[in-house]
Structures are given as structure tokens and as C-alpha cells.
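Coordinates in review
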Amino acid sequence: MEIRTRRLLLRPWRDEDFHPFAVMNADSQVMKFFPTVLEREQSDALAAEIRRRMDDQGWGFWAVEIPGEARFVGFTGLNKLSKDLPFAPGIEIGWRLAHRFWGKGYASEAAQAALELGFLQLHLPEIVAFTAIQNLRSRAVMSRIGIVFEGEHFEHPGIAPGHPLRKHVLYRIKNPFTASQPR
Ligand SMILES: CC(C)(COP(=O)(O)OP(=O)(O)OC[C@H]1O[C@@H](n2cnc3c(N)ncnc32)[C@H](O)[C@@H]1OP(=O)(O)O)[C@@H](O)C(=O)NCCC(=O)NCCS
């Protein structure tokens, strides 16, 4: 499954994406709200896992391209929640773009399209988004596309107790197309 938006193409991953993905994951600005930057091997393993899930499901974290301008700017899409998260099972929406593509509305444009696919084609009842409390840019994307923060916090089980990035915020949006209508 591919998605076209006004300026972007969300598409399956290619081998050529692994290098720019690794460069992005080695950038401390991009990885500021993750415990560490990724080494090349870790980045390749993550890309392979993302691609495996896309192949299995037909959807996932799509590679994002700006047709005619940039072959790989990052990823945006949907993902099954890791079982160890306190609000699992469910589906999350997530994004990560190379720094030079920030500030142009690309993440929100891609995420809006992924959200619509999740609701209209996959008929998901709800999509969640989460990030470290301090990640205001990511939280702004969530709000911009209508995902709502109602004060839910959790301790991310993958981050060590006491680590400043362990405390996360949880945003939620229900499927507006299947929500029960008032009688
Ligand atoms: C999270 C992340 C994707 C957000 O990127 P972003 O550039 O802030 O978000 P958008 O792409 O939606 O762009 C919005 C900005 O573009 C501006 N913009 C410029 N042209 C625009 C256009 N044509 N349409 C919409 N917005 C536009 C908006 O005004 C806004 O600017 P502001 O941040 O100064 O208010 C990015 O910071 C990132 O990759 N971070 C690292 C990875 C990460 O933390 N991921 C989340 C982990 S859960």
C-alpha cells in the first residue's frame, strides 16, 4: 500500500533507504528524545524489522519521499504497539524525519494521511501516539492532526527507571467514521 499526499509519497522501503535512515538515526538532534543515537547495525536492524512488518501487513511505518526532490526524508505511519506498553494492545502512529526536513509541515501532512488510512481502510477503532514529555515538536504534530492529550502519562518500560526521558505522554484519537452516532 502506498499513500500520495499533496507533496509526499509514503511508500514501502527500499535497500537504498537504509543508508539515509542510518545517517538520520546517528544525528543527536533527531534522537534527542530517545535514550541514544543508533549505530549503523542497530539502524539497519530497525529498518529491516519495519520493512518486514510492512511486507506482512501491507501497512506500517512507510518510507517518506518528496517526489522529484528527495528520495528518503524519514518515516511516518502506523505500528502495532509493543506488548510491554501499559495501554497495549492497539495501534500507534509515529514519525521521524531527517532534521533538514523539519519546519515544513511534512510530518503532519504524512501523519494525517496515515491516520485517514488507518480509520477509513483498516477500520481501526482507535489510534494512539506517545512520546517523552519534553518532545514538544512531536506533541505539536499530534495536536495538529487532532490526536488528543487528556492528561495520560506512563513510564516507558524500555527506558531505565529514573532516566529523564522515561516519563511519557499518551495521546488518543477514536475513529470518527465508526464512532456511534447520537440517536
Ligand atoms: C517530530 C518531528 C517529525 C516534527 O517535525 P516538525 O517539522 O516540527 O513537524 P511538521 O513537519 O508537521 O512541521 C510543522 C512546522 O512546519 C511549519 N510549516 C512550514 N511550511 C508548512 C506547510 N506548507 N504546511 C504546514 N506547516 C508548515 C509549521 O508552521 C510548523 O512550524 P513550527 O514548528 O515552527 O510551528 C521532528 O521533530 C522529528 O523527526 N523529530 C525526531 C524524531 C521524533 O522525536 N519523533 C517522535 C518520537 S515519538
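Read on for a plain summary of the structure. What you are looking at is a predicted structure, and each value in this text was computed from that prediction instead of being measured. (Residues numbered from 1 in each chain as written. Predicted model: local features only at pLDDT ≥ 70, side-chain atom pairs only at ≥ 80, totals over all residues. Heavy atoms only, no water.)

Next up on the list: the overall build of the protein chain. From N to C terminus, the protein chain includes four helices and eight strands. Its helices and strands taken in sequence order, the protein chain reads β-β-α-α-β-β-β-α-β-α-β-β from the N to the C terminus. Against the globule reference of 16 Å for 183 residues, the protein chain gives a C-alpha radius of gyration of 16 Å, in line with a compact fold. Over its C-alpha atoms, taken along the principal directions, the protein chain stretches across nearly 55 × 40 × 30 Å. Going through the 183 residues of the protein chain one by one, you find that 48% of them count as buried. Taking as baseline every contact in the protein chain between residues at least 6 positions apart, the subset at least 24 positions apart corresponds to 61%. Taken as a whole, the protein chain presents about 10000 Å² of accessible surface, with 52% of it coming from carbon and sulfur. (Helix = DSSP H or I, 4+ residues; strand = E, 2+ residues; numbered from the N terminus. Rg over C-alpha atoms; globule rule 2.2 N^0.38 Å. Buried < 20%, exposed > 50% of the residue type's maximum accessible area, 1.4 Å probe, protein only. Contact = heavy atoms within 4.5 Å. Areas by Shrake-Rupley, 256 points an atom, 1.4 Å probe, with all protein chains shown as cover.)

Moving on, we get to the site of the ligand. Neighbouring residues of the ligand: 20 residues in total, closest Gly103, Ala107, Ser108, Asn135 and Arg137. A distance of 2.5 Å separates an oxygen atom of the ligand from a polar side-chain atom of Ser108. A distance of 2.4 Å separates an oxygen atom of the ligand from a polar atom in the side chain of Arg137. Notes on the ligand: free accessible area 960 Å², of which the protein chains cover 70%. Elements with a minimum of two residues in the shell around the ligand: β5 (91-97), α3 (106-120), β6 (126-132) and α4 (136-144). (Near = heavy atom within 4 Å. Polar contact = N/O pair within 3.5 Å; in protein donor to acceptor, adjacent residues only side chain to side chain.)

Now for the layout of surface pockets. Its volume calculated, the second largest pocket comes out at about 150 Å³. Looking at the second largest pocket, it is lined by 13 residues, and the ones nearest its centre are Pro20, Val23, Met24, Ala98 and Arg100. Listing elements by their share of the lining of the second largest pocket, those giving two or more residues are α1 (18-25) and β4 (70-80). Looking at which element gives the most residues to the lining of the second largest pocket, the answer is α1, with four residues. For the lining of the second largest pocket, the residue count by class is eight nonpolar, three polar and two charged. (1 Å grid on protein atoms, 1.4 Å probe; cavity = no way out; pocket = protein on both sides within 12 Å on 5 of 7 lines; lining within 4 Å. Points joined across faces, edges and corners; volume = space filled by probe spheres on them. Nonpolar A, V, L, I, M, F, W, Y, C, P; charged D, E, K, R; others polar.)

Let's shift gears to α3. Along an α-helix, residues three or four apart share an orientation, since each turn contains 3.6 residues. Given a rise of 1.5 Å per residue, 15 residues ought to cover 21 Å, and the 21 Å separating the end C-alpha atoms of α3 matches this to within 8%. Every buried residue of α3 is accounted for by Tyr106, Ala107, Ser108, Glu109, Ala110, Ala111, Ala113, Ala114, Leu115, Leu117, Gly118 and Phe119. (Expected span 1.5 Å × (residues − 1).)

The next subject is unusual backbone geometry. Note the cis peptide between Ala88 and Pro89, where omega equals 0°. Within the secondary structure layout, Pro89 lies in the loop between β4 and β5. Not every positive phi belongs to a glycine, and His123 is a case in point at roughly 55°. Take His123: its relative accessible area is 51%, and that puts it in the exposed class.

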